[in-house]
Amino acid sequence: MKFKSFKLPALLMVGLAMFAVSCFKDLDTVPLDKNVTTSETVYDNPSAYKQVLAKLYAGLALSGQQGPAGQPDISGIDEGFSTYLRQYFKAQELPTDEAVIGWNDGTIQDFHQQDWDANSEFITAMYNRIFYQISLCNEYLRETTDAKLDARSVESTLRADIVKFRAEARFLRALSYWHALDMFRTVPFVTENDVVGAFFPRQIGAPELFSYVESELKAIEGDLVAPRANEYGRADKACAWTLLAKLYLNAKVYVDRELYSDCITYSKKVIDAGYNLDSKYKNLFLADNNNASGIIFPVVFDGLRGQTYGGTTFMSHAAVGGSMSPAEFGLDGGWGGLRTTSTFVAKFPAVGGGTIVSPNDGNTSYPLLYVPGNYQGTAWTPSDATTVLASPNADGNFEGYLYFPAATEFKFTTGPNWDENYGDTGADGTLESGGDNIKIADAGFYKLNVNINAKTFTILKTDWGLIGSATPDGWNSDQNMTYDPTDRSWNITVNLVDGEIKFRANDGWDLNYGDTGSNALLEAGGDNIKIPGAGLYAIKLYLDKPDYTYSIARPAFDSRALFYTDGQSLEISDISQFKDGYAITKYRNVTSTGAPGSNLTFVDIDFPMFRIEDVYLIYAEAVLRGGSGGSPTDALAYVNAIRNRAYNGTAGNIVQSELNLDFILDERARELYWECHRRTDLVRYGRLTETNYVWAWKGGVKDGKSTPAFRNIFPIPASDLGANPNLKQNDPNY
């Protein structure tokens, strides 16, 4: 279900409030309804059990009772600023190569620079949000015990539902404790079994917390509904299996245990549950992505009934700026903040899809010289505008290219009629008024030059090729092009790499064309033409027009490269400037039919926290890391299924020898960017810190630098260390 509407019941959580005050200085919860003072009153209404469960789910998306601001769950930070998912996105994406943000709010730039400390308000906000969510789940579990239900005489049908509700609450708590483990490692620990009252929670170590999350997810498996059988947005067995697979994949980092076989077991459970890949990658991030295939667990948003400045509202608005049109994204404006780094862009074979360079018609008003002949058929027609030469300088020098079949005869006329015509009597390269037909024996593509003032002409048969550093043989030899008489173009489809090309005739440099000015108009001896990255390219050379032109397209390309480049520089010289860095167009508040979402400010885009493509890649990585019970053949098939959709065919498929851990890390970036996986992935691969893998502004320098290993986790906030004497900082370097 999309949470179209739920009225949250009043819920006074005395125990929650006391825990919050003792654990966090800034965490101050208040009753949802000041007229209601006991939880017993809340649960007088049987529907409250599901309504309060809805609040637990909403805790991942919203941050208060009113929305988008006015009644925050947590005081001390702006309600729209402090949502769970908004903070999670910042923590998981901004310290990595996938995202930068141009704003300078508080200590937000510390994420890029990887120089945060225990006083960071954003790290504190993430930490507080995690434990507020855990507190909500704990309280729900306290209020739904058998003893409580007996005391309220809850009838059997509802009690059966509450069993499932409790399993879902435990899943949500396990999810947040996993986030705590992943980001902080050692944290305060409280469950529903702790006595309600003012106390100092104990600190739990990573091994114990790992075991707790693992045991909780296994314990609830039997009570969760079958995969894909619950209401949309609610947890089922596949959600627990996915979280277990992610826990096991990272176990070496968390607790120094290799549990890749367990990872394979649970990822295979999810895969076998029958999830399909949506036919279009873009559908997973649109306003109606609740209809998309393959999403296992979404965080649900609704532009009318769940308004927030966090979540996907933040992800979509903050990514729009510069020359981008907000209306095209279903938005009423852009916030001009989020972009990406050139290091991430380089993971795609080339930027942009389809046509890279379009032909340019150029000047169509040059003086013309007409070329009627028998190649036109029985009627020699000077007025045929496709058989002309042009004089770009209007100086009597005409040039052009024509394809002639064998045994061609032709003449030149100065107008689209026969009033003034020239031929070559004596075949000596000079023109005479009314002279003999000019004859060409062999079929081919010919370059014609005429000086009408001197009455001279030349004819050169040409064959064209592509050459350059981007081509398979570099600058050493041409890649031959083929002439298409129907399209009147020279064509080649070839795999190129990041580099440059030119067009040249007859395998020599006497006649070559480049593009000076990058305007798709060709000049003799012009500048090299840039190829943006590796991939399959379809290139056409048009020499039949008065201005010569060309096109470059990618018939097969990675459609996941959702970049906006117009007016954007690839490199980031100044993070504060939106134009520095390519923009990303992944989250769009429009439907799959192109209609805008229900609200242009607050979006309808659900966040796909878990989806089947992630599980495919988890399985493949676990197999490559040596887990048993998996198949390299299946791993390759799952990866190629993802790439088949990305390339709309098999052009992007890889072979078994190409499937390695480095490929998986890059493929996870290409498939899952801006979905809050990247920091965890880089830590698992040893590439977030203490590595020569760098990107723009990592470590606070333009070209990036290595950072110390303690940055692999975030510090426990100073405010909580000061409030709870049981806590010690999770790394002495903080």
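Before reading further, recall that the structure is shown in the block above.
Since the model is a prediction, treat every value here as computed from it, not as a measurement.

J.: Explain the overall build of the protein here, please?
T.: Helix and strand content of the protein: 19 helices and 29 strands. Overall, the C-alpha framework of the protein stretches about 115 × 45 × 45 Å when taken along its three principal axes. Residues classed as buried in the protein amount to 59% of the 734 residues present. As presented, the protein carries roughly 27,200 Å² of accessible surface, and 48% of it is formed by carbon and sulfur atoms. Counting 65 positive and 90 negative side-chain charges, the protein places the centres of these two groups 6 Å from one another.

J.: How should unusual backbone geometry be read in this particular structure?
T.: In terms of backbone geometry, most residues other than glycine have negative phi values and most peptide bonds are trans. The phi torsion at Arg488 lies on the positive side, around 55°, for a residue other than glycine. The topology assignment puts Arg488 in the loop between strand E19 (482-484) and strand E20 (489-496). On the basis of relative accessibility, which here comes to 25%, the residue Arg488 falls in the partly exposed class. The phi angle at Asp507 is positive, at roughly 60°, despite the residue not being glycine. Residue position: Asp507 is located in the loop between strand E21 (499-505) and strand E22 (512-514).

J.: Would you explain the packing of helix H3 (residues 48-58) against helix H6 (residues 121-142) in this entry?
T.: Two numbers describe a pair of packed helices, the interaxial angle and the distance between the axes. Across the interface, H3 lies against H6 with an axial gap of 10 Å and an inter-helix angle of 165°. Looking at the two axes, H3 sits roughly antiparallel to H6. With respect to the hand of their crossing, H3 and H6 are arranged in left-handed fashion. From H3, Tyr49, Val52, Leu53, Lys55 and Leu56 reach across to H6, where they touch Tyr132, Gln133, Leu136, Cys137 and Tyr140. Residues belonging to the contact of H3 with H6 are distributed by class as follows: eight nonpolar, one polar and one charged.

J.: What should I look at first to understand the packing of aromatic side chains in this one?
T.: A ring pair, where both rings are aromatic, is described by two values, the distance of the centres and the angle of the planes. The full count for this structure, using the stated rule, is 52 aromatic pairs. Centroid distance Tyr513 to Tyr548: 5.4 Å. Interplanar angle 65°. Geometry classified as edge-to-face. With Tyr513 in strand E22 and Tyr548 in the loop between strand E25 (535-542) and strand E26 (549-554), this residue pair connects regions lying 35 residues apart in the sequence. This pair shows no difference in class: Tyr513 is buried, exactly as Tyr548 is. In this structure an aromatic cluster arises from ring pairing among Phe111, Trp116, Phe122, Tyr127, Phe131, Tyr177, Phe184, Phe189, Tyr212 and Phe714. Directly above the ring of Tyr275 sits Arg228, whose terminal nitrogen or CZ lies 5.8 Å from the centroid. The aromatic ring of Trp116 is capped on one face by Arg711, whose charged end is 5.6 Å from the ring centroid.

J.: Can you walk me through the packing of helix H9 (residues 206-220) against helix H10 (residues 237-249) in this structure?
T.: At their nearest, the axes of H9 and H10 sit 10 Å apart, and the two run at 155° to each other. What the angle tells us is that H9 and H10 run roughly antiparallel. In the packing of H9 onto H10, the handedness of the crossing is left-handed. On H10, the residues touching Phe210, Val213, Glu214, Leu217 and Lys218 of H9 are Ala240, Leu243, Leu244, Leu247 and Tyr248. Counted by class, the contact of H9 with H10 contains eight nonpolar, no polar and two charged residues.

J.: Is there a simple way to explain the sheet that holds E19 in this structure?
T.: To summarise the sheet geometry, strands pair through backbone hydrogen bonds and adopt either a parallel or an antiparallel arrangement. Across the sheet, five strands lie side by side as E6-E26-E25-E20-E19; this open sheet has antiparallel pairing. Two strands in the sheet have a free side with no partner beyond their single neighbour: strand E6 (354-357) and E19. Between one strand axis and the next, the sheet turns by 30° as a mean value, whatever way the strands run. Strand direction decides the pairing type here: E20 and E25, joined by seven bridges, are antiparallel. If you follow Asn491 over to E25, its bridge partner there is Lys540.

J.: It is not clear to me how the nonpolar core should be interpreted in this structure. Could you clarify?
T.: Ranked by internal contacts, the top residues of the largest apolar core, which has 155 residues, are Phe171 and Phe297. With 15 residues, helix H8 (residues 156-184) is the single largest residue contributor to this core. In contact with Phe297, not counting residues within four places along its chain, are Tyr57, Leu60, Phe171, Leu172, Leu175, Gly233, Ala235, Cys239, Phe607, Pro608, Met609 and Phe610. Listed in part, the 29 residues of the second largest apolar core include Tyr483, Leu496, Ala520 and Ile531.

J.: Explanation requested: H9 in the structure shown.
T.: Taking 1.5 Å per residue as the helical rise, H9 with its 15 residues ought to reach 21 Å, and the 21 Å between its terminal C-alpha atoms agrees with that figure. The set of residues buried in H9 consists of Ala206, Leu209, Phe210, Tyr212, Val213, Glu214, Glu216, Leu217 and Ile220. On the buried face of H9, the contacting elements are H8, strand E2 (187-189), strand E3 (202-204), H10 and helix H11 (251-255).

J.: What exactly am I supposed to notice about the side chain of Glu216 here?
T.: Residue placement: Glu216 occurs in helix H9. At 2.8 Å, the side chain of Glu216 forms a polar contact with the side chain of Arg170. When residues no more than four places from it in sequence are discounted, the contact partners of Glu216 are Arg170 and Arg173.

J.: Explain helix H15 (residues 612-624) here, please?
T.: Given 3.6 residues to a turn, an α-helix orients residues that are three or four positions apart in the same direction. Between its terminal C-alpha atoms H15 stretches 19 Å, which fits the 18 Å expected from 13 residues at 1.5 Å a residue. Listed as buried for H15 are Ile612, Glu613, Asp614, Val615, Tyr616, Leu617, Ile618, Tyr619, Ala620, Glu621, Ala622 and Val623. Downstream of H15 by one or two residues, Gly626 has phi in the positive range, about 100°.

J.: How should I be thinking about the environment of Asn495 in this particular structure?
T.: Tracing the backbone shows Asn495 in strand E20. Residue classification places Asn495 among the exposed positions, given a relative accessible area of 53%. Between the C-alpha atoms of Asn495 and Ala470, which are 25 residues apart in sequence, the distance is 8.7 Å. Apart from the residues within four sequence positions on either side, Asn495 is in contact with Ala470, Pro472, Gly535 and Leu536.

J.: Would you take a moment to explain the pattern of salt bridges for this structure?
T.: When charged atoms on two side chains of opposite charge get close, those side chains can pair. Tallied over the full model, the rule gives 44 salt bridges. When the shortest N-O distance is used, the salt bridge between Glu208 and Arg202 registers 2.7 Å. Here Glu208 falls in the partly exposed class, since its relative accessible area comes to 38%. Lys269 is the salt-bridge partner of Glu221, the closest N and O atoms lying 3.7 Å from each other. Taken as a pair, Glu221 in the loop between H9 and H10 and Lys269 in helix H12 (residues 260-271) lie far apart in primary sequence, 48 residues in all. Taken together, the shared-partner salt bridges connect Asp558, Arg560, Lys586, Arg611, Glu613, Arg643, Arg645, Glu667, Arg670, Glu671 and Glu675 into one network.

J.: Sorry, what's going on with the state of the cysteines here?
T.: A covalent bond between the sulfur atoms of two cysteines is what we call a disulfide. In the structure shown here, the tally under the stated rule is zero disulfides. Cysteine Cys137 is unpaired, with the sulfur of Cys239 as its nearest cysteine sulfur at 14 Å. A residue is classified by how much of its surface remains accessible, and Cys137, at 0% relative accessible area, is buried. For the unlinked cysteine Cys676, the closest cysteine sulfur is that of Cys239, found at 16 Å.

J.: How do you make sense of the environment of Asn653 when you look at a structure like this?
T.: Within the secondary structure, Asn653 is located in the loop between helix H16 (632-647) and helix H17 (661-672). A relative accessible area of 29% means that Asn653 is categorised as partly exposed. Note: C-alpha distance between Asn653 and Val639 (14 residues apart in sequence) is 8.2 Å. Setting aside anything within four residues of it in sequence, one finds Asn653 in contact with Asn640, Arg643 and Asn644.

Reading the values: rules and limits
Residues numbered from 1 in each chain as written. Predicted model: local features only at pLDDT ≥ 70, side-chain atom pairs only at ≥ 80, totals over all residues. Heavy atoms only, no water. Helix = DSSP H or I, 4+ residues; strand = E, 2+ residues; numbered from the N terminus. Buried < 20%, exposed > 50% of the residue type's maximum accessible area, 1.4 Å probe, protein only. Areas by Shrake-Rupley, 256 points an atom, 1.4 Å probe, with all protein chains shown as cover. Lys, Arg positive; Asp, Glu negative; His and termini not counted. Charge placed at Lys NZ, Arg CZ, Asp CG, Glu CD. Axes fitted to C-alpha atoms, helices over the stretch in contact; angles between N-to-C directions. Parallel < 35°, antiparallel > 145°, perpendicular 65-115°, else oblique. Left-handed = near helix turned anticlockwise from the far one by under 90°. Contact = heavy atoms within 4.5 Å. Nonpolar A, V, L, I, M, F, W, Y, C, P; charged D, E, K, R; others polar. Phe/Tyr/Trp six-rings, centres within 6.5 Å; stacked < 30°, edge-to-face > 60°. Lys NZ or Arg CZ within 6 Å of the ring centre and 35° of its normal. Pairing = 2+ DSSP bridges. Core = buried A, V, L, I, M, F, W, Y, C linked by side-chain atoms within 4.5 Å. Expected span 1.5 Å × (residues − 1). Polar contact = N/O pair within 3.5 Å; in protein donor to acceptor, adjacent residues only side chain to side chain. Salt bridge = Lys/Arg side-chain N within 4 Å of Asp/Glu carboxyl O. Disulfide = S-S within 2.5 Å.

Purely spatial values, then, with no claim about function.
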